[in-house]
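# Working through the structure, step by step
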Amino acid sequence: MYYSYYKVLLLLSVFLGTIMLYWPACRCAFVNFDDNIYVTEQPMVQKGLTRQSVLWAIRDGGRLTGNWQPLTMLSYQLDILLAGGWKKGNEKHVAAVMHLHNIGLHACNTVMILGLLMWFLNGFQCEQKYKNVGFAVLGTLMWAWHPLRVESVAWVASRKDVLCLFWYLAGHLFYVYALRNECRVYFCGPSEDPIVKDIHESAKRDISYFATYVCCVLALISKPIALVYPGTLAL
């Protein structure tokens with residue numbers, strides 16, 4: 001129980017630390033490098049989430065940059081809706097909301113990477129305690145707080161990177177969870193009530209695999225680079 005609280009505190013600390021580190025990006029404005037293509041000069045995005053704009057994002061959104069990324073365009077439309085709409089004098093507020101969205105996604109990605117590293121460094125183990133937590137935290141922070149990450153967070157047009165990675169990592173977490181359920185019997189031995197236990201574990205495994213496929217699709221419609229998704233699962 002104590003270690004569970006410790007893990008929650010650790011993940012929360014990394015999440016909040018990442019938010020605080022990138023918080024100044026909320027004061028950034030739009031730039032004239034791709035932000036105009038995606039937002040500031042794109043009337044269909046500025047409409048927010050309407051039937052017409054949603055259909056445009058699904059059908060024609062990819063023509064802007066040569067990549068079909070409807071989920072990314074829909075996320076911009078959602079931000080404008082949450083910011084109160086695109087209108088004169090509201091551009092700074094819209095920019096702040098979009099940058100905050102990027103920061104939140106990056107912080108979530110950081111937590112998921114930490115979770116994956118903690119699990120990988122521990123292997124298929126059944127005990128609650130994880131080994132090499134310090135190495136997992138160090139590796140996560142070296143990635144999350146590295147200057148190379150600033151572009152993806154502080155640049156509105158780079159939403160596709162953090163959004164694609166969000167679904168990419170979420171899918172891997174579901175896949176790892178499914179594998180852990182499959183391998184539990186080999187590493188922990190048979191369960192006390194095999195019939196009920198096996199049915200329950202099988203259902204959780206199937207749901208996890210289905211969630212993995214859903215996350216793969218969502219990553220692909222965020223950025224086409226997610227085509228490598230199945231290959232990294234095999235690793």
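Because the structure is predicted, anything quoted here is derived from the model rather than measured.

### Some details on the environment of Thr50
- Secondary-structure assignment places Thr50 in the loop between helix H3 (43-46) and helix H4 (51-59).
- Taking the relative accessible area as the measure of exposure, Thr50 reaches 30% and is therefore partly exposed.
- With 31 residues separating them along the chain, Thr50 and Leu81 place their C-alpha atoms 9.5 Å apart.

### Points about the nonpolar core
- Within the largest apolar cluster, 21 residues are counted, with the highest numbers of intra-cluster contacts made by Leu105, Met112, Leu169, Ala226 and Tyr229.
- Every element with two or more residues in this core is listed here: helix H6 (91-122), helix H9 (159-188), helix H10 (194-220) and helix H11 (229-234).
- Top element by residues in this core is H9. It accounts for eight residues.
- Ignoring anything within four residues of it in the chain, the contact list for Leu105 reads Arg159, Val162, Leu163 and Phe166.
- Phe30, Val94, Met98 and Trp155 belong to the second largest nonpolar core, which has 18 residues in total.

### Observations concerning the environment of Gly171
- Locating Gly171 in the fold gives a position in helix H9.
- Considering only alpha carbons, one finds Gly171 and Ala219, 48 residues apart in sequence, at a separation of 8.8 Å.
- If near-sequence neighbours (up to four positions away) are discounted, Gly171 is found in contact with Thr212, Cys215 and Tyr229.

### Brief notes about a nonpolar patch on the surface
- Where nonpolar side chains cluster on the molecular surface, the patch consists of Leu49, Leu78, Leu81 and Leu82 and spans about 350 Å² of accessible area.
- Its location among the elements puts Leu49 in the loop between H3 and H4.
- On the basis of relative accessible area, Leu49 is assigned to the partly exposed category, the value being 36%.

### Quick look at unusual backbone geometry
- Positive phi, close to 75 degrees, is recorded for Asp34, a residue that is not glycine.
- Relative to the helices and strands, Asp34 is located in the loop between helix H1 (2-22) and helix H2 (35-40).

### Focus: the confidence of the model for the chain
- Summing up the model confidence of the chain, the mean pLDDT is 85 and the portion of residues at 70 or higher is 85%.
- H10 is the least confidently modelled element of the chain, averaging 79 in pLDDT, while helix H5 (residues 70-82) averages 94, the highest of any element.

### Considering the pattern of salt bridges
- Applying the stated rule across the entire model yields two salt bridges.
- Here Asp79 and Arg159 are joined by a salt bridge, their closest N and O atoms 2.7 Å apart. Here Asp79, found in helix H5, pairs with Arg159, found in helix H9; they are 80 residues apart in sequence, far enough to count as distant.
- With a closest N to O distance of 2.3 Å, Lys223 and Asp161 form a salt bridge.

### Here we look at the packing of aromatic side chains
- Within the structure shown, the criterion is met by seven aromatic pairs.
- Centre to centre, the rings of Phe33 and Trp155 are 5.6 Å apart; their planes meet at 20 degrees, and the pair counts as stacked. Here Phe33, found in the loop between H1 and H2, pairs with Trp155, found in the loop between helix H8 (150-154) and H9; they are 122 residues apart in sequence, far enough to count as distant.
- Ring centres of Phe166 and Trp167 lie 5.0 Å apart, and the angle between their planes is 85 degrees; this geometry places the pair in the edge-to-face category.

### Some words on the packing of H5 against H6
- It is the contact of H5 with H6, at a shortest axis distance of 9 Å, that shows an interaxial angle of 130 degrees. As judged from the angle between their axes, H5 and H6 are oblique. Considering how the two elements wind past one another, H5 and H6 form a crossing that is right-handed. Where H5 abuts H6, its residues Ser75, Tyr76, Asp79 and Ile80 lie against Val94, Val97, Met98 and His101.
- Grouping the constituent residues of the contact of H5 with H6 by class yields five nonpolar, two polar and one charged.

Cut-offs and rules
- Residues numbered from 1 in each chain as written.
- Predicted model: local features only at pLDDT ≥ 70, side-chain atom pairs only at ≥ 80, totals over all residues.
- Heavy atoms only, no water.
- Helix = DSSP H or I, 4+ residues; strand = E, 2+ residues; numbered from the N terminus.
- Buried < 20%, exposed > 50% of the residue type's maximum accessible area, 1.4 Å probe, protein only.
- Core = buried A, V, L, I, M, F, W, Y, C linked by side-chain atoms within 4.5 Å.
- Contact = heavy atoms within 4.5 Å.
- Patch = residues over 30% accessible without salt bridge, like charges linked within 9 Å, V, L, I, M, F, W, Y side chains within 5 Å.
- Areas by Shrake-Rupley, 256 points an atom, 1.4 Å probe, with all protein chains shown as cover.
- Salt bridge = Lys/Arg side-chain N within 4 Å of Asp/Glu carboxyl O.
- pLDDT = per-residue confidence, 0-100.
- Phe/Tyr/Trp six-rings, centres within 6.5 Å; stacked < 30°, edge-to-face > 60°.
- Axes fitted to C-alpha atoms, helices over the stretch in contact; angles between N-to-C directions.
- Parallel < 35°, antiparallel > 145°, perpendicular 65-115°, else oblique.
- Left-handed = near helix turned anticlockwise from the far one by under 90°.
- Nonpolar A, V, L, I, M, F, W, Y, C, P; charged D, E, K, R; others polar.

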